[in-house]
Amino acid sequence: MCTLSTEADRHQAQLLDGARIAADIRNEVRADVASLHETAGVVPCLVVVRVGDDPASLVYVRNKVRTSEELGLRSEHRALPTETTTDDLLSLLATLNARDDVDGILVQLPLPAHVDEARVLESVGLLKDVDGFHPLNVGRLHQDRPALVPCTPAGIVELLLREGVAISGARACVVGRSRIVGRPLAELLLQHDATVTICHSRTRDLTFVTSQADILIAAIGRAGFIRGEHVKPGATVIDVGMNKITDETAARQLFGDDADRRIETIRQRGYTLVGDVHPAEVKAVAGRLTPVPGGVGPLTVAMLMRNTVTAAMRRRGFV
Ligand code: NDP
């Protein structure tokens, strides 16, 4: 019996190092902050508003504040109690909008259910809307006019460009149509001349659609959902998902060769992170793949820093 492995068995996608690219972007932002200070005496300031005690939000906000400080930006963390009302938030936003020393305002989502999220997001000053969620920024993006662009989609496009992935003319498929990731990402890919398909929970024959894509992006929120059969051989696969798994059997099934290390992580921390892509299966089919963690996540924070500096410069008419 022949025991030699075939070419297909041996294939492993190249892992796209989002963490390294994020570090490059942070270094560029650090240099821009220093030069803005030197030439105009300006130190951009980011204010992050958090309501309630969601532990994941607290980790994200601390990371944003810490990164701002590392890059020489000023930052403020406004932690408000869960019972904060829509009116309380609107009045805080009015104060922050009026403060000349504040360049970027970010309201950490999700907000508690009793808060009117849409009203809050449209009350962030347009020029300070570093998350790019204000309806006017959304509209501008869709009209291909200068806008503050949501950080995760902007980071994904930056990754594709810096890794030399050909977007123009490529078939791109975005699975997920959220306002935070899927929709703005589809728009950005269209602006870079990809032929874009957006899929969602009602898409018929998802495997047929996704397996046509040269660039496949998974932004679904379901651990390991995109399997080998969804992927065109050689495609570039971007995994946006961040899901915690605690089950060792699931980890063994998802991580293949890497399972022992992940099971160790579960034993130490109680969980390990997995994206929306089944890593072991997709690595064997895709040409390039972003890992989780260390792929899209670090780019999101780096692009938030970039947006804060852009907002500071635009508001002062420097660009
Ligand atoms: P949402 O829950 O807002 O959207 C999920 C999308 O996936 C929806 O459009 C939904 O379709 C679609 N979907 C759900 N089930 C299926 C299915 N069976 N087949 C096809 N499509 C499906 O999620 P987000 O966009 O906010 O986030 C997506 C993932 O990305 C999450 O894991 C999140 O944690 C992660 N994330 C990571 C970030 C990072 O920095 N790395 C930043 C933001 C998010 P429908 O509209 O029909 O319901």
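Residues numbered from 1 in each chain as written. Predicted model: local features only at pLDDT ≥ 70, side-chain atom pairs only at ≥ 80, totals over all residues. Heavy atoms only, no water.

Peer 1: Help me understand the overall build of the protein in this model?
Peer 2: When helices and strands are counted, the protein shows 13 helices and 11 strands. Relative to the compact-globule value of 20 Å for 319 residues, the protein shows a C-alpha radius of gyration of 21 Å, a close match. When the backbone C-alpha atoms are referred to their principal axes, the protein occupies close to 75 × 45 × 40 Å. As presented, the protein carries roughly 15300 Å² of accessible surface, and 51% of it is formed by carbon and sulfur atoms. If you average the places of the 37 positive and of the 40 negative side-chain charges in the protein, the two averages end up 1 Å apart. (Helix = DSSP H or I, 4+ residues; strand = E, 2+ residues; numbered from the N terminus. Rg over C-alpha atoms; globule rule 2.2 N^0.38 Å. Areas by Shrake-Rupley, 256 points an atom, 1.4 Å probe, with all protein chains shown as cover. Lys, Arg positive; Asp, Glu negative; His and termini not counted. Charge placed at Lys NZ, Arg CZ, Asp CG, Glu CD.)

Peer 1: Help me understand the sheet that holds strand 2 (residues 45-51), please; the structure alone is not making it clear to me.
Peer 2: In a beta sheet, neighbouring strands are held together by backbone hydrogen bonds and run either parallel or antiparallel to one another. In spatial order, the strands read 3-2-4; together these 3 strands make up an open sheet with parallel pairing. The two strands at the open ends of the sheet, each matched to only one other strand, are strand 3 (74-80) and strand 4 (104-107). Taken pair by pair, the neighbouring strands of this sheet meet at an average axis angle of 15°, ignoring direction. As paired elements, strand 2 and strand 3 share 7 bridges and run parallel to each other. Bridge pairing in strand 3 places Val48 opposite His77. Of the strands in this sheet, strand 2, strand 3 and strand 4 touch helix 4 (residues 86-98), which is tilted by about 175° from strand 2. (Pairing = 2+ DSSP bridges. Axes fitted to C-alpha atoms, helices over the stretch in contact; angles between N-to-C directions. Contact = heavy atoms within 4.5 Å.)

Peer 1: For this particular structure, what's the right way to read the state of the cysteines?
Peer 2: Put plainly, two cysteines are in a disulfide when a covalent bond ties their sulfur atoms together. Within the structure shown, the criterion is met by 0 disulfides. Free cysteine Cys45: the closest other cysteine sulfur is in Cys151, separated by 16 Å. With no disulfide of its own, Cys199 lies closest to Cys173 among cysteine sulfurs, the gap being 3.6 Å. Residue classification places Cys199 among the buried residues on the basis of a relative accessible area of 1%. (Disulfide = S-S within 2.5 Å. Buried < 20%, exposed > 50% of the residue type's maximum accessible area, 1.4 Å probe, protein only.)

Keep in mind these numbers describe shape, not what the thing actually does.
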